[in-house]
Amino acid sequence: MRKIAALYSGNSQHFRCLNEPKYRRYLSEIIYLPDFAQHSLDGIDVLFVPSQLHQGLVVQSKAKIDAFLERGGAVVIHGPQPTSWFAGQKWEHRPTNFWWWLDKEQSSGLVLTQPEHDLFTYITLEDATWHQHGVYWPPEGVDILIATEDHGAILYVDKVSTPGTLIVTTLDPEHHFGSYFMPATERYLDGFLPWLAEGKL
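Cut-off values and rules
- Residues numbered from 1 in each chain as written.
- Predicted model: local features only at pLDDT ≥ 70, side-chain atom pairs only at ≥ 80, totals over all residues.
- Heavy atoms only, no water.
- Helix = DSSP H or I, 4+ residues; strand = E, 2+ residues; numbered from the N terminus.
- Contact = heavy atoms within 4.5 Å.
- Buried < 20%, exposed > 50% of the residue type's maximum accessible area, 1.4 Å probe, protein only.
- Arc of directions from axis to C-beta.
- Polar contact = N/O pair within 3.5 Å; in protein donor to acceptor, adjacent residues only side chain to side chain.
- Core = buried A, V, L, I, M, F, W, Y, C linked by side-chain atoms within 4.5 Å.
- Phe/Tyr/Trp six-rings, centres within 6.5 Å; stacked < 30°, edge-to-face > 60°.

Caption draft 1: Layout of the environment of Leu171. Of note, Leu171 is situated in the loop between strand E10 (165-169) and helix H5 (173-178). The spacing of Leu171 and Gly43 is 128 residues in sequence and 27 Å in space, taken between C-alpha atoms. Not counting the four nearest positions on each side in its chain, Leu171 is found in contact with His78, Gly79, Ala128, Trp130, His131, Ile154 and Tyr188.

Caption draft 2: Region of interest: helix H1 (residues 12-19). Among the residues making up H1, those that are buried are Gln13, His14, Cys17 and Leu18. For H1, the buried positions fall inside an angular range of 110 degrees around the axis, keeping them on one side. Contacts from the buried residues of H1 go to strand E1 (4-8), helix H2 (21-24), strand E2 (29-32), H5 and helix H6 (183-198). Between the side-chain oxygen at the start of H1 and the backbone nitrogen of Gln13 there is a gap of 3.2 Å, and the oxygen is on Asn11.

Caption draft 3: Region of the structure containing the environment of Thr148. Tracing the chain through its elements places Thr148 in strand E8 (residues 143-148). Counting along the chain gives 98 residues from Thr148 to Pro50, while the straight-line C-alpha distance between them is 22 Å.

Caption draft 4: Representation of helix H4 (residues 62-70) within the structure. For H4, every residue scored as buried is listed here: Ile65, Phe68 and Leu69. An end-on view of H4 places all buried positions within 100 degrees of arc, on one side of the element. Across from the buried face of H4, at angles greater than 90 degrees, the exposed residues are Ala63 and Glu70. On the buried face of H4, the contacting elements are strand E3 (46-49), strand E4 (74-78) and E10. Just past H4, the residue Gly72 takes up positive phi, approximately 95 degrees.

Caption draft 5: Here's a closer look at the nonpolar core. Judged by nonpolar contacts, the single largest core of 38 residues is most densely connected at Phe48, Leu119, Ile146, Ile167, Tyr188, Phe192 and Leu196. Listing elements by their share of this core, those giving two or more residues are E1, H1, E3, E4, E8, strand E9 (153-158) and H6. Per element, the largest residue contribution to this core is eight residues, and it comes from H6. Other than its neighbours up to four places away in sequence, Tyr188 contacts His78, Ile123, Asp127, Ala128, Trp130, Leu155, Thr169, Leu171 and Pro173.

Caption draft 6: Spotlight on the packing of aromatic side chains. Per the counting criterion, the structure on display carries 10 aromatic pairs. On the numbers, 5.8 Å between centres and 85 degrees between planes, the contact of Trp130 with Tyr188 is edge-to-face. Remark: Tyr188 occurs in helix H6 and Trp130 occurs in the loop between strand E6 (110-112) and strand E7 (134-136); sequence separation between them is 58 residues. Judged on exposure class, the residue Trp130 and its partner Tyr188 are both buried. Measuring from ring centre to ring centre gives 5.6 Å for Phe192 and Trp195, while their planes differ by 50 degrees; the resulting arrangement is tilted. Of the two residues, Phe192 and Trp195 are both situated in helix H6; the distance of three residues between them amounts to about one turn of the helix. Taken individually, Phe192 and Trp195 each receive the classification buried, so the pair is uniform in this respect.

Structure, rendered in structure tokens:
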């Protein structure tokens, strides 16, 4: 099983999510973000960057994260990232419709672009469907796994921008699970973390 370290901002949603026993068992370490600069990543395979971290502190840690990727590590990035700090990042903000699912005529607008990918033996598209905050427009050669109907990336795996692996998504499951809101986020985490630990990245 891969060794995963998760960054932690100190907010209640992160605390509840990362310390939930069924998720905590997949985490070798939880690192308090203000202490990250002094924290070693030796022996860690995957760095998990939750949604809604303090962007200034994340940017201050860019060199450390870049060095981890240079060593071949995997970095998981969740949620909107309006501040540029990782390779190949091109974020487009879009207005969020939190209540689209209340209208039976509405569609989520999401599609699986590589349904054969190993991730989808752990989760379904429905598990990764709640609402959107925007899209990424990643570099050529990455594997886009979930996209909008106009081809904006919701979840992609980038093995071309660095010697490591970037797993990037606009989804913000830790925030919603930690807020006791949005059942799909629990199903997503129930599958995503085991995939991260044991699946084919």
